Every structure is written in structure tokens, then in C-alpha cells.
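# Reading the structure
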Amino acid sequence: MTLSMEQLQIILNEHHILRSIQEKQPLVFQHVSYDSRRVQPDTLFFCKGDFKNSYVTMALARGATAIVTEQPVDLEQQACQIIVTDVQKAMSLLAAAFFDYPQNHLKIVAITGTKGKTTTAYFLYQALQQPTAKKTALFSTVNTVLGSEPQQIFKSQLTTPESLDLFAQMQQAVANGMRYLIMEVSSQAYLKQRVYGLKYDVGSFLNISPDHIGTNEHPTFANYLHCKEQLLINSKRVIINAETAHVAEIYDAAKATTDPDQIYLFARSSAKLQLKQMVDFTFDSTADSLSENQITLNALSEKAQALGIAGAYTLGITGDYNEANAVDAIISGGILGFQHDQLAAGIATTKIPGRMEAYQSATHGTVYVDYAHNYASTKAVLRFLKDHHPAGKVIVVLGSPGNKGIDRRAGFGQALSEEADEVYLTTDDPAFEDPEQIAHEIDHHIDHQRVQVHFEMDRIQAIQTAIEQAGPDDLVAVLGKGQDPYQKIKGVDTPYPTDSSVVKKQLQLD
Ligand SMILES: CC(=O)N[C@H]1[C@@H](OP(=O)(O)OP(=O)(O)OC[C@H]2O[C@@H](n3ccc(=O)[nH]c3=O)[C@H](O)[C@@H]2O)O[C@H](CO)[C@@H](O)[C@@H]1O[C@H](C)C(=O)N[C@@H](C)C(=O)N[C@H](CCC(=O)O)C(=O)O
Ligand SMILES: Nc1ncnc2c1ncn2[C@@H]1O[C@H](COP(=O)(O)OP(=O)(O)OP(=O)(O)O)[C@@H](O)[C@H]1O
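Residues numbered from 1 in each chain as written. Chains lettered and ligands numbered in written order. Predicted model: local features only at pLDDT ≥ 70, side-chain atom pairs only at ≥ 80, totals over all residues.

Let us now look at the UniProt feature "domain: Mur ligase C-terminal" (unreviewed entry) in the chain. Per the UniProt annotation, the sites labelled "domain: Mur ligase C-terminal" (unreviewed entry) are residues 354-482. Secondary structure content for residues 354-482 is 36% helix and 21% strand, and the end C-alpha separation is 4 Å. (UniProt positions renumbered as here; feature names shortened; annotations may be inferred. Helix = DSSP H or I, 4+ residues; strand = E, 2+ residues; numbered from the N terminus.)

In C-alpha cells form, the structure reads like this:
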């Protein structure tokens, strides 16, 4: 993989991003990097984000031959400086070129939404395993899958990687023989231009509700929605959950660049809809319990019928809110050219780490571990569990992260007031804040007439006590961390055994 100065100049000029090149030389770059600690000789180095000039000095000392930057860097030595209007856009475009446009060798399905991205990605990944002969890669919040060998599967750092990492990983997936890629695309990825210039074969919009608004994330809800809509503008074919808020605006955004014949809308049959006449697929739940989840998918429009995916499906994961996630995955599979019988087996065996994991105990009810961490997801999970446990109490263990998503605290308070009987407020990635203070902020939004509140900042202790106190008909929901093996404390990922391990140990299921 290489990139020449000549190629770089053509690409940046084509996209009107290049301002000037200082100390230009006819260089050929052997590496690209945004981290001075990883620079090798002949690296093109990108100055991005919360940046210090000393990083450039380090990069040049380690052999970087040029830097890409928005502002000229004041250096003691002479250096080739490529000045651009937007370094993140430049990095994405140049990364695609450096890694030789790996997207051209992959059918790419991109998924966005406030909730359900990972679940949908896993449903589709599992559904495609058999029909694509395991030639499907995955970029998800949980795992990155670049091939079918164990060493090609690893924990992800971000939902959507930085563009340099994204194109590098795509290139590795292609080298490993992958032909399909399923990727979650966060709104942050668009905010930070991590996928600038990338087009998808299929793009899905699951839902949107207020989230990720605040310092380091989106300044407003309008900006959050705008960033998510970019996915549709960059997709050849589009799937939209017609039950989402703002559906008319989202459909219009998709229609701006995609022929309506290539846009598929789906919804639950019973849903009250703004765009009812335009819905292509409806679905009905035919079994919805704590152990079973089955749906029937109905194809209404001609283009929907042509996909050959209508029929009955069993889902490998419970929760009524997961039905829409599965339907989205099934339609994606249909658009890729696979039919009902090819997709159904994978949908039936899908399990998602840290989502709706159930652990049965003889004397302390059932314990659920789930990744719900905002109002919409906490409400959805607790309502589903409560409906199916009419006899006992709903006991919840949760916290809220520090230095981000501050409005989640009110959301948790509201969801708990609506659905819980008892809560153990605890620690969840407090960052630079005091977890006890965060817990009190959640508590401020809880209706104390309805919910009994306990404070226990040691998360392991909070889980153990909640389980010990639960009776045989009660349920305990441990929410927010899923399979996270750390607590983010004062800038350090402090090891944490995962909620599932703590629960299993307490229930002696190990
Ligand atoms: C706000 C945000 O998106 N920040 C991301 C961004 O940070 P940044 O560009 O400011 O980088 P930085 O870590 O502050 O450092 C600045 C630059 O100096 C470089 N550096 C640093 C030290 C050094 O010695 N030398 C050096 O060159 C770094 O490599 C970097 O390029 O680039 C970093 C990678 O270089 C990411 O790790 C970081 O994500 C942070 C950890 C984060 O929390 N991001 C969240 C908000 C996020 O992106 N979340 C979404 C999911 C949201 C959802 O659920 O919908 C995601 O896609 O994961
Ligand atoms: N369609 C949905 N509507 C509401 N809640 C959902 C939906 N799908 C999943 N959830 C809830 O949200 C949690 C997170 O689900 P998932 O990881 O699939 O979403 P995500 O969009 O990837 O989330 P994040 O962006 O926070 O990583 C689940 O554990 C579940 O509690």
C-alpha cells in the first residue's frame, strides 16, 4: 500500500479540501498515521483532534515525511506541511486511496439508529454466515470481525473506527477473502467525518430519540438527526423503520439521493403510522415470551414481494423491541439477494453479547444483564420484562456515565419511575465525575412514592446485594454495561469483571 504526493494532490483538489502545500516534495508514502507514537519512516502524518505541536515533532523524529493539518504548525525544522480545510475529511479520502479502495470489493450494509444497531448487525451477521459461506465481516460496538479465523475477531474500540483504521480493516477483510461487510455507523462517525466519501450498498435507519447530545458529542438534537441522515444520502438502497420519530423528514432525506423504488419502509402491523400508505413490509409477533420470540413478515408492495423474504421467523433473542431489529436485518439480507430459507436459520440462532442475557436462580428469581443505557432502551427493556413477570418486583441495578450524556440521568429517573419497584444506583463509567453525585442526580428524577432507592457505588456489591435481596418471583435487571470489561475512571479503563461474570459468580453458575 502506498500513496504518492501527486495522487494526494489530485484527490484533495477534486474535493476542494486543499489550501496549500508548504515545502512540497515528490514523496511516496509507505504508511499513514494519526498517532505520533505509531509513526514509522515514510509516514504521512495527520494532525487531528485535541492536538499538540509536540506530536508533530515526535512524528518527524520517527520518520514522518509530511503532515496534513488545518493550521500550519510552528516548527523549528523545515517540513512538508499539507494545509487542508478539513483534516478529518482529508484523512478519510486519503485513507481510502492508500488502502486501494477496499470498499470496491465488498457489499456493504450500514446501520444507524439510536438503539438497536448492534443487535441488528448481529442478526444480519449471523443470518449471512451460511449463505455467504462465512465471507461476512463485521464492524460493531462489540466485536470487529475481519475473517473467520479466531485471531481475525477482536473487541472493538469504537462503534465506527477512525477512517484510517476503518479502511485498513476493510483492506484486511478483503485480503482475508471477505465479500460482505456489515457496519454500525454512529452519528459521531459523521460528525467526525470518519466515513467521509464512503458509499454503502444498503443503509438502514432504525430509530431516533434524544441521546449523545452534549460536550464532545452533538451540540443539538437537530445536529444529531442531521448526522444520522447522512448515512441514507450515501446509500444506494435504503431501509427505514416507519415507526421512527421524524420519519417524514428521514424519508425525504433518503429520497434526495435515492430513487423511492429503492427505499423500503417497514413497521409493526398494528402501528399508527404517518406514512402508512408507503409501507412495504409489516410484521406481527406470533410468540413473545421470556423464552420465545417469533414473528411473521408480510410483504405488501411489489418490490417487497420480489425479495422473497416474507414468512415466519424465530428470533434467537427475546424482547419485543428486538423484532424490528430482526426485520431490518432480514430486509437487508433480502436486498443483498438472499431469501427467506437462507436467512431464517441464522436469525433463529443469533445471540448478542451483553444484550438480554438471562440467568435463572432457584431462590432469587431471574437476573437479566442488558446494555440499556438511556431512557428509550431502559424503558423498552423494563416494560418487556415487567409484562412477563407480573408476580414479582422489578429490581434494577444501574448508574449513568460521567462527563457525557448528562440528560440520560433524567431519562433513567423517568424510566425507573415508570417501570421499576426498586433500584440500586451505582457506578457506570464515572470518568472524572463523582459516581455518588451522578447517582443523586438520577435519584432527583425518581418518583419515591413508587420506587425504593438504594445507593451502593461498588458495582459488584450492588449486583450481589440486589440478587441476595430478590425473592423467587422477582426479576433483577443489571443495566448499562453489557459485556464491558472495564469502568472508565479518570481517563483510565479500569478492569472490571463484566456484569455477566459478577451475576454468574453470585448465582454460582460458573
Ligand atoms: C470525541 C471523539 O470522537 N473523540 C475521538 C477522537 O479523539 P481526538 O481526535 O480528539 O483524539 P485524541 O485522543 O484527543 O488525541 C488527538 C490526536 O493526537 C494524537 N496523539 C495523541 C498522543 C500522542 O502522544 N501522540 C499523538 O499523535 C492522537 O492519536 C489523536 O489523533 O479520535 C480518537 C481516536 O484517535 C477516539 O478514540 C476519540 O473517541 C473518544 C474516545 C470517544 O469517546 N468517542 C465517542 C464519543 C465515540 O466516538 N462514540 C461513537 C459511538 C456513539 C454511539 O453510541 O452512537 C463511536 O463511533 O464509537
Ligand atoms: N429497537 C430498539 N428500541 C429500543 N431499545 C432497544 C432497541 N434495540 C435494542 N434496544 C435496547 O438498547 C440496548 C442496546 O442495543 P444495541 O446495542 O443493539 O443498540 P446500539 O444502537 O448499538 O446502542 P449504542 O449506540 O448505545 O451502542 C439493548 O441492550 C436494549 O436494551
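The full set close to ligand 1 counts 21 residues, and Asp35, Gly49, Leu158, Thr159 and Ser186 are the nearest of them. If one sorts the elements of the shell around ligand 1 by residue count, helix α6 (residues 187-191) sits on top with 3 residues. Per-class residue counts for the shell around ligand 1 are 5 nonpolar, 9 polar and 7 charged. Formed jointly, the shell around ligand 1 draws a minimum of three residues from each of two domains, domain 1 (3-98) and domain 2 (102-349). (Near = placed C-beta within 6 Å. Nonpolar A, V, L, I, M, F, W, Y, C, P; charged D, E, K, R; others polar. Domains from an automatic or database assignment.)

Another aspect to go through is the sheet that holds strand β2 (residues 18-22). Strand order across the open sheet formed by 5 strands is β2-β7-β6-β5-β4, with mixed pairing between neighbours. Among the strands making up the open sheet, the edge pair consists of β2 and β4 (31-33). Between one strand axis and the next, the sheet turns through 20 degrees on average, direction left out of account. With 4 bridges joining them, strand β6 (residues 64-69) and strand β7 (residues 80-84) adopt parallel strand pairing. Of the residues in β7, the one forming a bridge with Ile67 is Gln81. (Pairing = 2+ DSSP bridges. Axes fitted to C-alpha atoms, helices over the stretch in contact; angles between N-to-C directions.)

For the rest of this paragraph, the subject is helix α14 (residues 435-444). Within the sequence span of α14, burial applies to Pro435, Ile438, Ala439 and Ile442. The buried residues of α14 occupy an angular sector of 100 degrees when the element is viewed end-on, so they sit on one face. Exposed and oriented more than 90 degrees from the buried face of α14 are Gln437 and His444. Contacts from the buried residues of α14 go to α13 (408-419), β22 (422-425) and β23 (452-455). (Buried ≥ 20, exposed ≤ 12 C-beta atoms within 10 Å, placed from the backbone. Arc of directions from axis to C-beta. Contact = placed C-beta atoms within 7 Å.)

A separate point is the domain arrangement of the chain. Each assigned domain of the chain is listed with its residue range as follows: domain 1 (3-98), domain 2 (102-349) and domain 3 (357-506). Taking the mean C-alpha position of each, domain 1 and domain 3 sit 45 Å from one another.

What follows concerns the UniProt feature "binding site: ATP" (unreviewed entry) in the chain. Taken from the UniProt record, the annotation "binding site: ATP" (unreviewed entry) applies to Gly113, Thr114, Lys115, Gly116, Lys117, Thr118 and Thr119. Within the secondary structure, Gly113 sits in the loop between β8 (107-112) and α4 (117-129). For Thr114, the position within the fold is in the loop between β8 and α4. Judged by local crowding, Thr114 falls into the buried class, with 21 C-beta atoms found within 10 Å. Not counting chain neighbours up to four residues away, the residues in contact with Thr114 comprise Asn207, Ile208, Ser209, Asp211 and Ala376.

With respect to topology, 6 strands assemble into an open sheet ordered β19-β20-β24-β21-β22-β23, the strand pairing being mixed. Both outer strands of the open sheet, β19 (357-360) and β23, are each paired with one neighbouring strand and no more. Across the sheet, the mean angle separating the axes of adjacent strands is 20 degrees when strand polarity is ignored. Note that β22 and β23 share 4 bridges and pair parallel. Paired with Glu422 across the bridge in β23 is Gln452.

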